[in-house]
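Inside the fold
Chain residues, written in single-letter form:
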Amino acid sequence: MLAGGSHWRKSSSVECRRTTADPRPRSSYQSLVPFTAAYGFGARVVSRPVESSKAFEHVLVVGAGQMGGGIAQVVAASGRRVSLHDAAPGAVERGLEAMRKSLTKLAEKGGADPDEVLARVQPADDLVPADLMIEAVIESAPVKADVFRRADELFAPEAILASNTSSIPITTLGAATGRPERVIGMHFFNPVPVLKLVEVIRGLETAAETAQAIVQLARDLGKEPAEAQDFPGFVSNRILMPFINEAVYAVLEGVAEPEAIDTIAKLGFAHPIGPLALADLIGLDTCVAIMDVLHEGLGDPKYAPCPLLRQYVQAGRLGRKSGRGFYAY
C-alpha cells in the first residue's frame, strides 16, 4: 500500500526498467567518459590554502525560494551587500521572512544579529548590475538560460555569472552569454545556512581564474568547496537522485511503507534523514526535473523518473512546499 493508501500491481514495465534498450544515441557526455577517466578528471575537494579576500562586494541573487533565500542569507552574513530578485509576486517578501526566522534561530546559538544581516539585503524589482550573480530559479534550462542572457547584457564584462543548478549543464548556460569563461556552477545544499558543501562546476570554457574566485568565495562564506566536471547531475545528484528514485520504486512495488524505508536508511545507513523525507524537502517536482536531466543527458534508462514520482507531481503532491508528498505536513 502506498502513502496515499492505494495498492499498486508490479507490472512488467517496472520489472524490466533497467534492461530496456534505449533507442537514443549515446550522449556527448557518455563519449567523454573514457577521456575523463584516462586523465583523472572528476570531483575533488579543494584543500590548497588561499588567502581570504573580500571580492564580490555586491552580489545579485536571482530567485528567493528556499535555496535563493538561503544563499542571500549566507552572503549577507559574510558582510556583503545583496540584491534579491524574484519575478514571482510576494516571493522576495516570503524569502526575507524565512531568512529572519533562520537568523533568529542561529542568533540564539551565538550567530549574527538578524537585523544587521537583513539590512544588507535589498529587494530588487528586476536584475541589477553586481560583481556576481548567483541564479537560483526553478530547475528549467530555458528559464535559467534567459536569466543568464539578460544578466550578460546588463553586467560589466568582468562580472561572474554563477548558477545554483543541481543538474543542468553549465556549458549550456555559458553558451547563452558572451562570456562563457566567466560562467560557473555554484551548487549549494539545503538548508544553505547549515550545510557546508558547495559543489563548484566548471563548464567547458570556464576559466581557471573564475573557478579560483568562486572557490575562495565559498570559503569566505564558511563553506567547503568541492570541484566537479560538467556532467549531468554533477557528482551529488548523480549519486543522490537514483537513490531517491529507487526508494520511490520500493514504495511503488510494495516493498515497504515510506516510514519503514526511511527508518531503514536512517538507522541502517546512519543517514540523518530518509530518502523519501529528503525528496519531500527537496521538492518532488525538482526531483523529477533532475532525473529527466540525468536521463536525457546520460542516455541511460536507469535514470528515468519512477512513474509514481511523476504521478505525485501531476497530482500536486510536491512535498513540504505543497503540504503533502510522501508525508503530510
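Here we summarise the structure given alongside this text. Treat the numbers as computed from the prediction; the structure is a model and nothing was measured.

This part is about the side chain of His58. With respect to the helices and strands, His58 occurs in strand E2 (residues 58-62). Judged by its relative accessible area of 10%, His58 falls in the buried class.

Time to look at the pairing of E2. Along E2, five of the five residues are buried, which leaves the element largely enclosed by surrounding structure. The side-chain alternation of E2 yields two buried faces, one formed by His58, Leu60 and Val62 and the other by Val59 and Val61. As paired elements, E2 and strand E3 (residues 81-85) share five bridges and run parallel to each other. Bridge pairing in E3 links His58 to Arg81. A crossover links E2 with its parallel partner E3, the connecting element being helix H3 (residues 66-77), and its sense is right-handed. Pairing geometry for E2 and strand E5 (residues 132-135), over four bridges, is parallel. Paired with Leu60 across the bridge in E5 is Met133.

The next subject is the packing of helix H11 (residues 275-282) against helix H12 (residues 284-298). Look at H11 against H12: their axes get within 6 Å of each other, and the N-to-C directions meet at 95°. What the angle tells us is that H11 and H12 run roughly perpendicular. Contact residues: H11 offers Ala279, Asp280 and Ile282, while H12 offers Leu284, Thr286 and Cys287. Looking at side-chain class alone, the contact of H11 with H12 contains four nonpolar, one polar and one charged residues.

On to the packing of helix H9 (residues 236-252) against H11. Packing of H9 against H11 leaves a shortest axis separation of 9 Å and a crossing angle of 115°. Crossing geometry of H9 relative to H11 is assigned as left-handed. Residue-level inspection shows Leu240, Met241, Phe243, Ile244, Ala247, Val248 and Val251 of H9 in contact with H11, the latter providing Pro275, Leu276, Leu278, Ala279 and Ile282.

Cut-offs applied
- Residues numbered from 1 in each chain as written.
- Predicted model: local features only at pLDDT ≥ 70, side-chain atom pairs only at ≥ 80, totals over all residues.
- Heavy atoms only, no water.
- Helix = DSSP H or I, 4+ residues; strand = E, 2+ residues; numbered from the N terminus.
- Buried < 20%, exposed > 50% of the residue type's maximum accessible area, 1.4 Å probe, protein only.
- Pairing = 2+ DSSP bridges.
- Right-handed = clockwise from strand over helix to strand, strands pointing away.
- Axes fitted to C-alpha atoms, helices over the stretch in contact; angles between N-to-C directions.
- Parallel < 35°, antiparallel > 145°, perpendicular 65-115°, else oblique.
- Contact = heavy atoms within 4.5 Å.
- Nonpolar A, V, L, I, M, F, W, Y, C, P; charged D, E, K, R; others polar.
- Left-handed = near helix turned anticlockwise from the far one by under 90°.

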